[in-house]
Amino acid sequence: MARTRVRFASLLALTAALTALVTGCGSGDGSTSKDGATTPRGGKPVVVVTTTWEGAFAKAAGAEDVKVIVPQSVHHAPDYDPKPSDLAAVGKADFVLYAPFEPYAAKIKEAAGSKAKLVEVNLDNDADRVKAEVAKLGALFGTVESAAKWTASFDAEYARLSKDVQGSWPGGKSPAVVSQVFTAWSAKLAGATAVGTYGPEAVTPGQLAELSAKKPSLVLDNAHMSTGTVLPDSGARQIEIVNYPGADLDLLPVYRNAAAELKKAMGGS
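Here's what I pulled together on the structure shown here. (Residues numbered from 1 in each chain as written. Predicted model: local features only at pLDDT ≥ 70, side-chain atom pairs only at ≥ 80, totals over all residues. Heavy atoms only, no water.)

**Quick notes on the packing of aromatic side chains**
The geometry of two aromatic rings is summed up by the distance between their centres and the angle between their planes. We apply this condition: Only Phe, Tyr and Trp rings take part, Trp by its six-membered ring, and two of them pair if their centres are within 6.5 Å. Stacked means planes under 30 degrees apart, edge-to-face means over 60, and tilted covers everything else. A run of H or I in DSSP becomes a helix once it reaches four residues, and a run of E becomes a strand once it reaches two; helices and strands are each numbered from the N terminus. Each residue is assigned to one of three classes by its accessible area relative to the maximum for its type, calculated with a 1.4 Å probe on protein chains only: buried under 20%, partly exposed between the two thresholds, exposed over 50%.
Applying the stated rule across the entire model yields seven aromatic pairs. Judged by centre distance (5.0 Å) and plane angle (15°), the rings of Trp150 and Phe154 are stacked. Linking Trp150 with Phe154, this pair stays in helix α6 (residues 144-166), spanning four residues, or about one helical turn. Aromatic side chains Phe154 and Tyr255 sit 5.2 Å apart centroid to centroid with 75° between the ring planes, which places their arrangement in the edge-to-face category. Placement of Phe154 in helix α6 and of Tyr255 in helix α9 (residues 252-265) is noted, with a sequence separation of 101 residues between them. In this structure, Phe154 and Tyr255 share a single accessibility class: buried. By way of ring pairs, the aromatic residues Trp150, Phe154, Tyr158, Trp185 and Tyr255 are connected into one cluster.

This is how it looks when you write it as structure tokens:
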């Protein structure tokens, strides 16, 4: 808790010193409607995102100018300390995308005096939720056609991957899996039988006994929040699922990599 107070105090001191520099940059030659929403300049929105995850959603929705604040090497975004260059980037944005567990995004936006529209994104790789977020962002960005085109390609790739993984079911039977709360989407991709979830906190002794009794064959752990071996001595094979896209902000490799790990764990080639 003390560490958090120091971080926010440091951030506020930093933003106070830079407000004069960044205020006035606003959103450039974009205009602001009566409801406070920013109209992107030239029809091409300048989007600032906290992580590559939000960035991939923005790119899928049709954004071309996307600036990521938190480096990919930082696995837990709330631990990141924003830099002066981050504030400057926010000051020039039309939209700032963040997740609810990244509270500093709102502080940066307010301190920078930006006219950007702050957009909360539901970070979940569940296929239906991804498509809903991409459609929402496409409507905000004025890139509905691009968002629809991406969604069509996503549907085709998702169906292909799901069919491929399900073809690797041991004995042709859906495997029983336990997943971390933020990796449940990968169980759905595999068509697996979900028998329990855990996290984001470490598994308690009671949960350990309860989940082990379900006799899962796989544990789908979160690579970004791993607490080690989840169900030791249960016989379940644990695999790490990656949620965050790479620096190219392409969301599809996240599903391809998960499918490859699932297939390998189920004995496929």
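Next comes the rest of the account.
**Quick word on the nonpolar core**
Applied cut-off: Put simply, a nonpolar core is a bunch of buried Ala, Val, Leu, Ile, Met, Phe, Trp, Tyr and Cys residues held in one set by side-chain atoms that sit within 4.5 Å of each other. We call two residues in contact whenever any of their non-hydrogen atoms come within 4.5 Å of each other.
Counting 48 residues, the largest nonpolar core has Val47, Leu97, Phe141 and Tyr255 as its most contacted members. Residues within four places of Leu97 in sequence aside, it is in contact with Val47, Val48, Val49, Thr50, Glu54, Ala58, Val119, Val121, Leu137 and Phe141. Judged by nonpolar contacts, the second largest core, of 10 residues, contains Val48, Tyr80, Ala89 and Val90.

**Quick notes on the sheet that holds strand β4 (residues 65-68)**
Definition in use: Strand pairing is defined by DSSP finding a minimum of two bridges between the two strands. Helix axes are fitted only over the stretch in contact, all axes being lines through C-alpha atoms; the angle between N-to-C directions runs from 0 to 180 degrees.
Read from one edge to the other, the open sheet built from four strands follows the order β4-β3-β5-β6, with strand pairing classed as parallel. Each edge of the sheet is formed by a strand with only one pairing partner; in this case those strands are β4 and β6 (117-120). Pairwise comparison of adjacent strand axes, ignoring direction, gives a mean angle of 25° for this sheet. Strand direction decides the pairing type here: strand β3 (residues 46-49) and β4, joined by four bridges, are parallel. Directly across from Val49, in β4, lies its bridge partner Val68. Against the sheet, helix α5 (residues 127-141) engages β3, β5 (95-98) and β6, with an angle of about 170° to β6.

**A closer look at the pattern of salt bridges**
What counts here: We count a salt bridge whenever a side-chain nitrogen from Lys or Arg sits within 4 Å of a carboxyl oxygen from Asp or Glu.
Applying the stated criterion across every chain, the model contains 10 salt bridges. Note that Lys44 is salt-bridged to Glu64, the shortest N-O span being 3.5 Å. With a gap of 20 residues between them, Lys44 in the loop between β2 (38-39) and β3 and Glu64 in the loop between α2 (52-60) and β4 connect regions that are remote in the sequence. With respect to burial, Lys44 and Glu64 carry one shared label: exposed. Two residues, Glu157 and Arg256, come together in a salt bridge whose shortest N-O distance is 2.7 Å. Remark: Arg256 occurs in helix α9 and Glu157 occurs in helix α6; sequence separation between them is 99 residues. Under the relative-accessibility criterion, Glu157 is labelled buried at 13%. Residues joined in a network through salt bridges with shared partners are Asp126, Asp128 and Lys188.

**Quick notes on α6**
The cut-off we apply is this: Given a helix with a known number of residues, its expected span is that number minus one, times 1.5 Å.
Taking 1.5 Å per residue as the helical rise, α6 with its 23 residues ought to reach 33 Å, and the 32 Å between its terminal C-alpha atoms agrees with that figure. Those residues of α6 that fall on the buried side of the exposure criterion are Ala147, Trp150, Thr151, Phe154, Glu157, Tyr158, Leu161, Ser162 and Val165. Buried residues along α6 sit against α2, α5, α7 (184-190) and α9.

**Observations regarding the sheet that holds strand β7 (residues 176-180)**
Spatially, β8-β7-β9-β10 is the arrangement adopted by the four strands of the open sheet, whose pairing is parallel. Bordering the open sheet on either side are β8 (193-198) and β10 (237-241), each of which pairs with just one other strand. If you compare each strand with its neighbour and ignore which way they point, the axes differ by 25° on average. By the bridge criterion, five bridges tie β7 to β8 in an arrangement that is parallel. Counterpart to Val177 in the pairing with β8 is Ala194.

Scope: geometric values only; no functional claims are made or implied.
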